[in-house]
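Breakdown of the fold
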There are 2 protein chains.
Amino acid sequence: MSALEKLKSHFQTISNFSHLSAICGWDAASMMPAGGNEARSNAMAELSVHIHKLMTQPQLSDWFDEAEQQSLQGDDSAVLRELKRQWQQNNLLPEKLVQAQSLAGSKCEHAWRTQRGENDWQGFEKNWAEVVKLSQEEAQIRANATGLTPYDAMLDKFEPGTKTASLNQLFDNVKTWLPELIDEVIEKQRTETFIEPSGKFDTAQQKALGLEVMKLLKFDFNHGRLDESVHPFCGGVPSDVRITTRYDENEFVQSLMGIVHETGHARYEQGLPKSLAGLPAGEARSMGIHESQSLFFEMQVGRSDAFIQHLANMAGNTFKGHSPDLFAFDNFQKLYTRVKKDFIRVDADELTYPAHVILRYEIERDLINGDIKHTDVPELWDSKMQQYLGLSTKDNFTNGCMQDIHWTDGAFGYFPSYTLGAMYAAQFMAAMKETVDVDSAVASGDLTAIFNWLSDNIWSKGSLLSTDELVKGATGETLNADYFQAHLRSRYA
Amino acid sequence: MSALEKLKSHFQTISNFSHLSAICGWDAASMMPAGGNEARSNAMAELSVHIHKLMTQPQLSDWFDEAEQQSLQGDDSAVLRELKRQWQQNNLLPEKLVQAQSLAGSKCEHAWRTQRGENDWQGFEKNWAEVVKLSQEEAQIRANATGLTPYDAMLDKFEPGTKTASLNQLFDNVKTWLPELIDEVIEKQRTETFIEPSGKFDTAQQKALGLEVMKLLKFDFNHGRLDESVHPFCGGVPSDVRITTRYDENEFVQSLMGIVHETGHARYEQGLPKSLAGLPAGEARSMGIHESQSLFFEMQVGRSDAFIQHLANMAGNTFKGHSPDLFAFDNFQKLYTRVKKDFIRVDADELTYPAHVILRYEIERDLINGDIKHTDVPELWDSKMQQYLGLSTKDNFTNGCMQDIHWTDGAFGYFPSYTLGAMYAAQFMAAMKETVDVDSAVASGDLTAIFNWLSDNIWSKGSLLSTDELVKGATGETLNADYFQAHLRSRYA
């Protein structure tokens, strides 16, 4: 067996254990009764240790050296590159640091769950200091190994190849037009009237509606399921993708579009190249590309006129006994395109969302690079919120810098993916429209041409290409935020 | 760390991996879409290999030697005994034999799924010859290692300590009175009339009814769930027990009592000693004792007058719009105590079931001990069916010796557990009634006293005692089939 074959086989083994982790993780979030948590946590921790052991076995280093001497054909260069990337990511950090991070992160996150509600910055800051310090150490080690800046080295975990220089340029550009556009749209919407859902919307009916929309979006039910969890997510494995949603009896609007979003993630997973299953090269390219697929479904397709019309019809047919005016096209469109300046990122609309992300990006970038202290964060948050959204978070930590879970356990470098995803999605749609009559396809109810384009250009590529190569291959150019701006202006202005 | 501590820690690790296997196994049977099967099978096989490796690590032998020199206190002797038992069970067989068995078993079982429907004994026999041969080899290796006869060595996997000598005695006794009793009861029931369910019984309502019955039986929903699968089972782990059922829209009788049965298994698991969680000594004592708990719930409590009255009331309240006569106590009792001579074990009633088991026991005993050839089985089956139930299976392999899955992959030694369980259950009930007013407890709807007895005498003991010690501790004597006979006569004659 060649060194590359040995590596492939070893990573298939790792992938088998990751499969079990994914299914049991999904189960813990969607099926497991509370009393099962302790034993499950122990079992999952044992599995993590085992996967880590497999990922750090000493002979792998020799196999990589050997494999790099092989003359490789077809996809094998990319396969080896991604194997090495995943291996390096898992071998860069000393065990001691990983353990210290896990400990400090768990402690900080656990306390945060109470502290956030109590607006207790003082308490939070004490635990968080250690998390930040350890993340800075991690970033420095990654920087030393890769020649990147500390923050770029953290970004690289989620967005391989994406750098601060380009993010600064992208986001600075957004900052030149977004605040003004937000004000303009809010002014325009001020006089609009619309009907919000009221009364009861049976959750079994909401689920039936969700499944109907998933069918329209050609979710492959032979390779996946829809279930419920407190925090919706897309999990499982490509051959068996598990998406979840959360139903609220008082309204169906959020859950319905949430299902469209998760279906985008799911179809990317279901469409990954089967010939590379179990290998890193067969996995999703990056968090940003993953988000581009969910946002393509949710924002590009899901909020298009033709799709809104489908949703309105389906919901109207599902929830008889409510006023038909609720399900009028105009009303549905208004429900799904309402813009509002508010504090909370996860509840933000499409237009204000980038402001929330850019604020976080700028703060975490400077924090990880050591340009600011963690105690500077509340003031910076307040000043940037005022600048981008005209809201003050002074002394409001709950709805300010303590609102997200990400930083509590050191996930620095992740936030940009959300807005990168939105930008990629807009660019993909612009490119797709050059060859596909998207609006007619959606209106006809047969979206095959859209999915074929995504499959050919994105899903089937897995991680064979770099993100830049992928985007250029699909759209003729690397990431260009003009498409995003044009999209937002066309929809909202 | 002492050798025993090392062993405990190692088996906790194994238990963590078994936890993942149990949850993913449950998922495969109850949640997984068909398209997920291939990747799941690979992941589960990888996990099995890993667990086998952990179970056969060379240092364990030294640790056992050392631990046996330690002076042990409290439960530790039993803990060590059961650790060693599980370890020996997993280390007795050469890898090659295990692999050959797995291969031959899979091949035989897979082909059987088609061959059974086609009544194809010739085809089946060819594959089965290898399965039987390998099982005989396994039995001989186990016999050599333990000093038991080959069949006793196989029995020992499922019923530690139970021997052919005592089974012969128990079952020969049953054969002296059962056939006559069956005839008597059938004659008595011949003139009885009753109403069978007809029309539709909504499966969501059936589930709600099942959950209501589980509540009555104090299933702990903080540590378990009810779901659906093609073949009902009780799986998961003690902290998170997953039971399943299968609903038929045309009737609710089977599924409802099936849930009562699985709840018996589940409460045993939920009641195992938490201080020994993850250790063999903390697991269920044997298959027969496990079945005694499900049958205690299904047959002893579940078919008692007072419980039948609860079921009739609950079902009547659930399925409005059906004739109230269907839910009359008398009718329910008749539905649940109907006796019929028939071919199929899994559909058999309480009274004829032992005949099916004894037939199988006698055949597999002689087969494994080499006293008969596998080609003798159809003729023996036919003659014993004629003798015990007055039915001929000549040339009817489908409903004769090819009806069960057990033998297709070599699970010889398992069948006796079913009837041992029924006997233990009857004996437990007789003993319980000496101190607990069972009928009043059931009638009151508060069955706590019953469950306390089971918890104190059975569940909380795990595998700390041998089966004989357990039964003697609970009832004052070792297994005595007279209680079973008395129970059947009292209910049916």
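What counts and how
- Residues numbered from 1 in each chain as written.
- Chains lettered and ligands numbered in written order.
- Predicted model: local features only at pLDDT ≥ 70, side-chain atom pairs only at ≥ 80, totals over all residues.
- Heavy atoms only, no water.
- Phe/Tyr/Trp six-rings, centres within 6.5 Å; stacked < 30°, edge-to-face > 60°.
- Helix = DSSP H or I, 4+ residues; strand = E, 2+ residues; numbered from the N terminus.
- Buried < 20%, exposed > 50% of the residue type's maximum accessible area, 1.4 Å probe, protein only.
- Lys NZ or Arg CZ within 6 Å of the ring centre and 35° of its normal.
- Least-squares fit on C-alpha atoms with pLDDT ≥ 70 in both.
- Contact = heavy atoms within 4.5 Å.
- Pairing = 2+ DSSP bridges.
- UniProt positions renumbered as here; feature names shortened; annotations may be inferred.
- Axes fitted to C-alpha atoms, helices over the stretch in contact; angles between N-to-C directions.
- Domains from an automatic or database assignment.
- Buried area = accessible area lost by both parts, 1.4 Å probe.
- Salt bridge = Lys/Arg side-chain N within 4 Å of Asp/Glu carboxyl O.
- Polar contact = N/O pair within 3.5 Å; in protein donor to acceptor, adjacent residues only side chain to side chain.
- Arc of directions from axis to C-beta.
- Parallel < 35°, antiparallel > 145°, perpendicular 65-115°, else oblique.
- Left-handed = near helix turned anticlockwise from the far one by under 90°.

1. Quick look at the packing of aromatic side chains
- With the rule as written, the count across this model stands at 56 aromatic pairs over all chains.
- Ring geometry for Phe 201 of chain B against Phe 319 of chain B: centres 5.0 Å apart, planes inclined by 85 degrees, an arrangement best described as edge-to-face. Separated by 118 residues along the polypeptide, Phe 201 of chain B in the loop between α8 (164-189) and α9 (203-216) and Phe 319 of chain B in the loop between α12 (305-318) and α13 (329-336) bring together distant segments of the chain.
- In this structure Phe 201 of chain B comes out as buried when scored by relative accessible area, which is 0%.
- One aromatic cluster in this structure is built from Trp 121, Phe 124, Trp 128, Phe 158, Tyr 353, Trp 381, Phe 397, Trp 407, Phe 412, Tyr 414, Phe 415 and Tyr 418 of chain A.
- Positioned above the aromatic ring of Phe 451 of chain B, the side-chain terminus of Arg 267 of chain B is 4.5 Å from the ring centre.

2. Side note on the relation of the copies chain B and chain A
- The two copies are related by a screw operation: chain B maps onto chain A through 180 degrees of rotation and 0.1 Å of translation along the axis, at an RMSD of 0.1 Å. Seen this way, the second copy is the image of the first under a two-fold rotation axis.
- In this assembly the copies share their binding face: 100% of the residues contributing to the interface of chain B also contribute to that of chain A.

3. Digging into the pairing of strand β3 (residues 240-245) of chain B
Residue and element names in this part refer to chain B.
- In terms of burial, β3 is a largely internal element, six of the six residues being buried.
- Side-chain alternation along β3 places Asp 240, Arg 242 and Thr 244 on one buried face and Val 241, Ile 243 and Thr 245 on a second face that is also buried.
- In this sheet, β3 lies alongside strand β2 (residues 234-237) in antiparallel orientation, the contact comprising four bridges. Bridge pairing links Cys 234 to Ile 243 in β3.
- Following β2, the chain reverses through two residues before pairing antiparallel with β3.

4. A look at the UniProt feature "active site" (unreviewed entry) in chain A
- Here, UniProt's "active site" (unreviewed entry) annotation points to Glu 262 of chain A.
- Within the element layout of this structure, Glu 262 of chain A appears in helix α10 (residues 253-270).

5. Quick notes on the sheet that holds strand β2 (residues 234-237) of chain A
Residues and elements named next belong to chain A.
- Spatially, β1-β3-β2 is the arrangement adopted by the three strands of the open sheet, whose pairing is mixed. Each edge of the sheet is formed by a strand with only one pairing partner; in this case those strands are β1 (224-228) and β2. With strand direction ignored, the average angle separating the axes of adjacent strands in the sheet is 20 degrees.
- Pairing of β1 with strand β3 (residues 240-245) involves five bridges; the strand directions are parallel.

6. A word on the UniProt feature "binding site: Zn(2+)" (unreviewed entry) in chain A
All names here are of chain A.
- Per the UniProt entry, the sites bearing "binding site: Zn(2+)" (unreviewed entry) are His 261, His 265 and Glu 291 in this numbering. Sequence-wise these annotated residues cover 31 residues; spatially they are packed, their C-alpha atoms never more than 8.9 Å apart.
- Considering the arrangement of structural elements, one finds His 265 in helix α10.
- By relative accessible area, His 265 is classed as buried at 11%.
- Leave out the neighbours within four places in its chain, and His 265 touches Cys 234, His 290, Glu 291 and Ser 294.
- When its relative accessible area of 10% is taken as the criterion, Glu 291 is described as buried.
- Each residue touching Glu 291, except ones within four places of it in the same chain, is listed here: His 261, His 265, Ser 417, Tyr 418 and Gly 421.

7. Section: the sheet that holds strand β1 (residues 224-228) of chain B
Residue and element names in this part refer to chain B.
- If you trace the three strands from one edge of the open sheet to the other, you get β1-β3-β2, paired in mixed fashion. Every other strand in the sheet has two partners, leaving β1 and β2 as the edge strands with one partner each. If you compare each strand with its neighbour and ignore which way they point, the axes differ by 20 degrees on average.
- On the sheet, helix α10 (residues 253-270) packs against β1, β2 and β3 and is oriented at approximately 165 degrees with respect to β3.

8. Examining the domain arrangement of chain A
Residue and element names in this part refer to chain A.
- Here chain A is described as being made up of domain 1 (3-149) and domain 2 (150-493).
- Computed over C-alpha atoms only, the centres of domain 1 and domain 2 are separated by 25 Å.
- Contact residues are listed per partner, giving 47 residues for domain 1 and 56 residues for domain 2.
- For the pairing of domain 1 and domain 2, the buried interface totals around 4200 Å² over both sides, and the portion due to carbon and sulfur atoms is 63%.
- In this structure, Lys 157 and Glu 138 form a salt bridge, with 2.9 Å as the shortest nitrogen-oxygen distance.
- Summed over the shared surface of domain 1 and domain 2, the number is 18 residue pairs in polar contact (both at pLDDT 80 or more).
- Those elements giving two or more residues to the side of domain 1 that touches domain 2 turn out to be α1 (3-30), α4 (76-91), α5 (95-115) and α6 (121-146).

9. Observations regarding the pattern of salt bridges
- Summed over the entire model, instances satisfying the criterion amount to 56 salt bridges over all chains.
- Among the ionic pairs, Glu 192 of chain B bridges to Arg 338 of chain B, the shortest N-O distance being 3.8 Å. Highlighted residues: Glu 192 of chain B in the loop between α8 and α9 and Arg 338 of chain B in the loop between α13 and α14 (353-368), separated in sequence by 146 residues.
- Linked by salt bridges that have partners in common, Asp 27 and Arg 40 of chain A together with Asp 240 and Arg 242 of chain B make up one network.

10. Observations concerning helix α19 (residues 467-475) of chain B
- For α19 of chain B, the complete set of buried residues consists of Thr 467, Leu 470, Val 471, Ala 474 and Thr 475 of chain B. When α19 of chain B is viewed along its axis, its buried side chains cluster within an angular range of 100 degrees and face the same direction.

11. Thoughts on the interface of chain B and chain A
- Taken together, the contact pairs 31 residues of chain B with 31 residues of chain A.
- Counting the surface lost from both chain B and chain A, the interface buries some 2600 Å², and carbon and sulfur atoms represent 62% of this.
- Inspection of the region where chain B meets chain A yields four salt bridges.
- Across the salt bridge formed by Arg 242 of chain B and Asp 27 of chain A, the nearest N and O atoms sit 2.8 Å from each other.

12. Re the packing of α8 of chain B against helix α16 (residues 416-432) of chain B
Residues and elements named next belong to chain B.
- Where α8 contacts α16, the two axes come as close as 12 Å, and the packing angle between them is 70 degrees. In this view, α8 runs roughly perpendicular relative to α16, as classed from their interaxial angle. Along its contact with α8, which presents Leu 167, Leu 170, Phe 171 and Val 174, the element α16 presents Pro 416, Thr 419, Leu 420 and Met 423.

13. Focus: the packing of α8 of chain B against α14 of chain B
Residue and element names in this part refer to chain B.
- Between α8 and α14, whose axes approach to 11 Å, the crossing angle comes to 140 degrees. Taken as axis vectors, α8 and α14 run oblique relative to one another. The way α8 lies across α14 gives a crossing that is left-handed. Along its contact with α8, which presents Thr 164, Leu 167, Asn 168, Phe 171, Asp 172, Val 174, Lys 175 and Leu 178, the element α14 presents Pro 354, Ala 355, Ile 358, Tyr 361, Glu 362 and Arg 365.

14. Overview of unusual backbone geometry
- In this structure, Asp 395 of chain A is a non-glycine residue whose phi angle is positive, near 60 degrees.
- Within the secondary structure, Asp 395 of chain A sits in the loop between α15 (377-389) and α16 (416-432).
- Given a relative accessible area of 53%, Asp 395 of chain A falls into the exposed group.
- Despite not being glycine, Asn 119 of chain B shows a phi value in the positive range, around 55 degrees.
- If you trace the backbone, Asn 119 of chain B turns up in the loop between α5 (95-115) and α6 (121-146).
- Among the residues examined, Asn 119 of chain B registers a relative accessible area of 27% and is labelled partly exposed.

15. Section: the side chain of Ser 292 of chain B
Residues and elements named next belong to chain B.
- Positionally, Ser 292 belongs in helix α11 (residues 287-301).
- Among the residues examined, Ser 292 registers a relative accessible area of 0% and is labelled buried.
- The residues touching Ser 292, leaving out its near neighbours within four places in the chain, are Gly 421, Tyr 424, Ala 425 and Phe 428.

16. Describing the environment of Pro 58 of chain A
- With respect to the helices and strands, Pro 58 of chain A occurs in the loop between α2 (37-55) and α3 (59-67).
- Exposure remark for Pro 58 of chain A: the relative accessible area of 67% places this residue in the exposed category.

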